[in-house]
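The chain contents come next:
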Amino acid sequence: MKIYNNLSICALAGLFAFTSCTKEDGMEGGSVAQPFQISVSDRGFQGISDGRAVDENYKTTFVAGDVVGVYGVAGGQVVEGISNRKFTLNEKGVWELEGNPIEYDSELFKTITFYAYYPYQDNVAFNPAVEDPFADFVANWQIAADQGGFKYTKSDLMTSTSQAEAGRLQGKVTFTMNHRMALAVFKMPKLVYDFTNGGLDDYSLDVAPKELLINDCRTTPYYDAASGTYMALVKPETNYSISCTYQGTQEKMINPTGSLAGGKAKMYTIKDENNKLDYTLNIGDYLCADGNLVSVNDGTVPDNAIGVVCYVGNPEPHVTHPNNYTETNDALYRDYPNCTHGLVLALKNARDGQWDGGAFNSTSSSTRSPAYCDWLASDEEWNGLLVPCNTEANGALKNDPESMFPAFLGYNNTLVMTMCYEGKGPQNSCNNAYTYLMNYRNEVAVPSSVTPWYIPSVVCWNEVAKSSSVINKSISKLGEDKGEELVSVSSGTAKNHYWTSTQRNWATQWTHGIDGGRYTQASNKGSLAGHFRMMLAF
C-alpha cells in the first residue's frame, strides 16, 4: 500500500473493482446470473491539530500484492462460502479471488451484510452475532514497533461494512475502509545549513527523529516524503506517552501525551527557532541517509553515510555552461531545482547479484542497434527538453566528449537511458546498466533533499578524478564493509574501469580509468568488465 496526505481534499481515494466470477445474463428470479463486484476505498484518518478537527486526511491506496478479507453475514451467522475470502490485487489493478467463486443471488444478497478488512490474516476473531464483528480482532491487534516503509500498512488495520447495491449496479458491494488504529503525526523542524562557502544557497532538510519511544517502546515511524512528516500508529482509546529526540543544531526532545479514538490523527508540530547551522562544505565530506552532512575535518565517521562529496558548487548545466544549456533542456534543474550545492559519489560499486562489474549492455556486435539516446530525436514531447549523449552525432567532436558535452550531464543521460529502457527505445542498448542502476537505487535509499542515484557522465568522472585521493581517504575511514576505494587503471585497460553514461556510438561507451582518464570500450563485452559507481546531486 501507499500512503497519501491529501491536504484540503475531501474526495475518497481511487476505487478498485474486482470480479469473483463472470456469467451470461440469466432469468429474473432468486438466482440472477450477475458478476459479484466490489469496490474498495479508504476514508482516511481525520486530522486533529491543537484540539480541533482539520481537513487533513492521511489516506492509503492499494497496490499490487495487497490482500483484503471479506465476510458475508445474514441472520447473525456467516454465510456459507463468504467467510474470510481472500482477494489479492494483481499488477493490472484487478482483485483476484482465491478459491471457489462467489455466486450472486439477488434475493439472498438483500439479506447479507458484507464486511471487509485489511491486512489479510489467516486467523481472524470474527463474531457475526454482535454489532461490530471485528471488535475482539481490533482489541487484540498488535502494532509493530518497526513501521518504516511498507511495514507501516501491515499494522494499519482497517475494516468496513456494506450492503450489495440493487438496480443497475446489482451485485456490487462498495467498501469504504475505516482505520481502526489511531495515528500520531510529527512535523519535524527544518535544519538549514548556512554555507560559509561563497555563492552557495542554503541547504534545507527536514530533521528526522533520532529516537522515538511510544510507551517506552522504541518505534521506527513511517516517513511521508510528500508532506515531510513522520507517522506512527498507536492503539485507540488508550493513553500514550511519547518521547521524541531529534538532532537539530543541538539535541532536543519533546514528550507529548494523549489518547485518540480509532481513525483519528493528531499532528505534533515541532518548532525550532534556532535552526541555522554555519557550515563550510568541502570535498570529502559525508552525506548521510537522513540528508545531514558531516565534515571530513570533524574526525567523526558517521554510521549512516551514503556518499562522499566530490564537487562543491551548483552542478546544474545551465548554470555552469549557460552558453550550451538553458533552463528548458536542463533536466537536473527542471526536476530538482533545489539541488544547487554539489555532487556526491556513492561509497560502493553497484552489483548485479554477486558481480560488481560487467558489460554496459547486451547488443550484438554484428547487428547495429540504436544508441539509447536515438529515440530523443523523433520524440515530439521530449526533444528539446533533454540533451542527447552520443558523441558520434558530431563528427568533429566525436572523440572529444568534454567539448561536445561540457557540463555535468550524468542525471540527464541516466534519465534518457531509463526512459529508453522503459519504453522509448530498445532495452538491449542499456539493459545491464539499467539493472545495476536499479539494484543500487533499491539497495541504498536517499533522502528527499537529493536526486536519485545516477550514472556519472565523462565530465562528472573527470571531476571525481581531480580529487580521487581526498575521496578515497574519506571512504577508507568507513572500513571495507561500508566503502570501496576508487581504483585507477591505465587508458585502454579492459577491466576495473568505471562506465560513464556518455556514449561514443551505438556499440561503444565512454569509460574512465581515474588516473588513466577517459577512454572507450565496447559496451557489450562481459570480458571488458567495468564498474558501475553511482552519483547524486544535492
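Residues numbered from 1 in each chain as written. Predicted model: local features only at pLDDT ≥ 70, side-chain atom pairs only at ≥ 80, totals over all residues. Heavy atoms only, no water.

Colleague: I'm lost on the overall build of the protein chain in this one. Help?
Modeller: The helix and strand inventory of the protein chain stands at 10 helices and 34 strands. For the protein chain, buried positions account for 53% of its 538 residues. Taking as baseline every contact in the protein chain between residues at least 6 positions apart, the subset at least 24 positions apart corresponds to 69%. When the accessible surface of the protein chain is split by element, carbon and sulfur atoms take 46% of a total near 23,700 Å². (Helix = DSSP H or I, 4+ residues; strand = E, 2+ residues; numbered from the N terminus. Buried < 20%, exposed > 50% of the residue type's maximum accessible area, 1.4 Å probe, protein only. Contact = heavy atoms within 4.5 Å. Areas by Shrake-Rupley, 256 points an atom, 1.4 Å probe, with all protein chains shown as cover.)

Colleague: Explain helix 7 (residues 410-424) here, please?
Modeller: Three- or four-residue spacings in an α-helix give side chains the same orientation, since the helix completes a turn every 3.6 residues. Burial analysis of helix 7 places 12 of its 15 residues in the buried class, which makes it a mostly covered element. Buried within helix 7 we find Gly410, Tyr411, Asn412, Asn413, Thr414, Leu415, Val416, Met417, Thr418, Met419, Cys420 and Tyr421. Considering only its buried residues, helix 7 is in contact with helix 5 (331-335), helix 8 (431-443), helix 9 (458-466) and strand 30 (498-505).

Colleague: Explain the pattern of salt bridges to me, please; I cannot follow it from the model alone.
Modeller: Where side chains of opposite charge bring their charged atoms close, a pairing between them can arise. For the coordinates displayed, the defined rule picks out 15 salt bridges. One salt bridge connects aspartate 206 with lysine 190, and the closest N-O pair in it is separated by 2.9 Å. A residue pair is termed long-range when its members are at least 10 positions apart, and aspartate 206 in strand 15 (residues 203-206) and lysine 190 in strand 14 (residues 190-195) qualify at 16 residues. The class for lysine 190 is partly exposed, based on a relative accessible area of 42%. Where arginine 351 meets glutamate 484, a salt bridge forms, and the shortest distance between an N and an O atom there is 2.8 Å. Note that arginine 351 is positioned in the loop between strand 28 (342-349) and strand 29 (357-358) and glutamate 484 in the loop between helix 10 (468-476) and strand 30, a separation of 133 residues in sequence. The exposure class of arginine 351 is partly exposed, given its relative accessible area of 28%. (Salt bridge = Lys/Arg side-chain N within 4 Å of Asp/Glu carboxyl O.)

Colleague: Looking at this structure, how should I read the side chain of threonine 502?
Modeller: Structurally, threonine 502 is set in strand 30. A relative accessible area of 3% means that threonine 502 is categorised as buried. In this structure threonine 502 touches Tyr372, Cys389, Thr391, Pro401, Phe405, Asn413, Ser457, Val458, Gln509 and Trp510, once residues within four positions along its chain are discounted.

Colleague: Just checking my understanding: could you explain the sheet that holds strand 15 for this structure?
Modeller: Backbone hydrogen bonds are what pair the strands of a sheet, in a parallel or an antiparallel way. Spatially, 15-14-24 is the arrangement adopted by the three strands of the open sheet, whose pairing is mixed. The open sheet has two free edges, formed respectively by strand 15 and strand 24 (276-279), since each of these has just one partner strand. Each strand axis lies, on average, 25° off the axis of its neighbour in the sheet, ignoring direction. Pairing of strand 14 with strand 15 involves four bridges; the strand directions are antiparallel. Note that in strand 15 the partner of tyrosine 193 across the bridge is tyrosine 203. (Pairing = 2+ DSSP bridges. Axes fitted to C-alpha atoms, helices over the stretch in contact; angles between N-to-C directions.)

Colleague: Would you mind going over the pairing of strand 27 (residues 305-312) with me for this structure?
Modeller: Put simply, side chains in a regular strand alternate between the two faces of the sheet. Along strand 27, seven of the eight residues are buried, which leaves the element largely enclosed by surrounding structure. Summarising the sheet, strand 25 (residues 286-288) and strand 27 pair through three bridges and their orientation is antiparallel. Its bridge partner lying in strand 27, leucine 287 is registered against glycine 307. Pairing analysis gives five bridges linking strand 27 to strand 28, with the strands arranged antiparallel. Bridging across to strand 28, valine 308 finds its partner in leucine 345.

Colleague: Please clarify how the environment of glutamine 427 should be interpreted in this entry.
Modeller: One can find glutamine 427 in the loop between helix 7 and helix 8. A sequence separation of 66 residues divides glutamine 427 from asparagine 361, and the C-alpha atoms of the two residues are 8.7 Å apart.

Colleague: Teacher, can you tell me more about helix 8 here?
Modeller: An ideal rise of 1.5 Å per residue puts 18 Å on 13 residues; helix 8 measures up with 18 Å between its terminal C-alpha atoms. For helix 8, the set of buried residues is Asn431, Ala433, Tyr434, Tyr436, Leu437, Met438 and Tyr440. Residues of helix 8 that are buried make contact with strand 28, strand 29, helix 7 and strand 34 (533-537). (Expected span 1.5 Å × (residues − 1).)

Colleague: It is not clear to me how the nonpolar core should be interpreted in this structure. Could you clarify?
Modeller: Considering soluble globular proteins, one finds that nonpolar side chains tend to be buried as a cluster. If you look at the biggest cluster of nonpolar residues, it comprises 91 residues, and the most contacted ones within it are Tyr203, Leu293, Leu386, Met417, Phe532, Met534 and Phe538. Per element, the largest residue contribution to this core is seven residues, and it comes from helix 7. Excluding its chain neighbours within four sequence positions, the residues that come into contact with phenylalanine 532 are Asn349, Ala350, Asp356, Gly358, Ala359, Phe360, Ala433, Tyr436, Ile455 and Trp499. (Core = buried A, V, L, I, M, F, W, Y, C linked by side-chain atoms within 4.5 Å.)

Colleague: I keep staring at the packing of aromatic side chains and nothing clicks. Help me out?
Modeller: Remark: the centre distance and the inter-plane angle together describe each pair of aromatic rings, the angle taken between the planes. Counted by the stated rule, this structure contains 35 aromatic pairs. Note on phenylalanine 126 and phenylalanine 134: the rings are 5.1 Å apart at their centroids and 70° apart in plane angle, and the pair reads as edge-to-face. Like phenylalanine 134, phenylalanine 126 is buried. Chaining the aromatic ring pairs together yields one cluster made of Tyr71, Tyr115, Tyr117, Tyr120, Phe126, Phe134, Phe137 and Trp141. (Phe/Tyr/Trp six-rings, centres within 6.5 Å; stacked < 30°, edge-to-face > 60°.)

Colleague: When you look at the state of the cysteines in this model, what are you seeing that I'm missing?
Modeller: One covalent bond between the sulfur atoms of two cysteine residues makes up a disulfide. Within this structure, the stated rule accounts for zero disulfides. Lacking any disulfide linkage, cysteine 420 is separated from the closest cysteine sulfur, that of cysteine 430, by 4.4 Å. For cysteine 420, a relative accessible area of 0% translates into the label buried. (Disulfide = S-S within 2.5 Å.)

Colleague: What's the story with the packing of helix 7 against helix 8 in this structure? I'm lost.
Modeller: Two measures define how a pair of helices packs: the angle their axes make with one another and the distance between the axes. Orientation of helix 7 relative to helix 8, taken along the N-to-C sense of each, is 110°, at an axis distance of 10 Å. With respect to helix 8, the axis of helix 7 lies roughly perpendicular. Counting all contacts with helix 7, which are made through Thr414, Met417, Thr418, Tyr421 and Glu422, the residues of helix 8 involved are Asn431, Ala433, Tyr434, Leu437, Met438 and Arg441. Taken together, the residues of the contact of helix 7 with helix 8 break down into six nonpolar, three polar and two charged. (Parallel < 35°, antiparallel > 145°, perpendicular 65-115°, else oblique. Nonpolar A, V, L, I, M, F, W, Y, C, P; charged D, E, K, R; others polar.)

Colleague: Help me out: how do you make sense of unusual backbone geometry in this one?
Modeller: Excluding glycine, residues mostly carry a negative phi; peptide bonds, for their part, are mostly trans. Tyrosine 118 connects to proline 119 through a cis peptide bond whose omega is 0°. With respect to the secondary-structure elements, proline 119 resides in the loop between strand 10 (113-118) and helix 2 (135-139). Positive phi is not limited to glycine here, since aspartate 216 has a value of about 65°. Assignment of secondary structure puts aspartate 216 in the loop between strand 16 (209-214) and strand 17 (217-218). When its relative accessible area of 74% is taken as the criterion, aspartate 216 is described as exposed.

Colleague: Would you mind going over the environment of asparagine 297 with me for this structure?
Modeller: If you trace the backbone, asparagine 297 turns up in the loop between strand 26 (293-294) and strand 27. Asparagine 297 sits 13 residues away from glycine 284 along the chain, and the two C-alpha atoms are 8.9 Å apart.

Colleague: I would appreciate a short explanation of the environment of tyrosine 372 in the present structure.
Modeller: As for its placement among the helices and strands, tyrosine 372 is situated in the loop between strand 29 and helix 6 (401-404). Ignoring any residue separated from it by four or fewer positions in sequence, one finds tyrosine 372 in contact with Phe360, Cys389, Asn413, Val416, Met417, Cys420, Ser429, Cys430, Ser501, Thr502, Gln503 and Gln509. A polar contact of 2.7 Å, which involves the side chain of tyrosine 372, links it to the backbone oxygen of serine 501. (Polar contact = N/O pair within 3.5 Å; in protein donor to acceptor, adjacent residues only side chain to side chain.)

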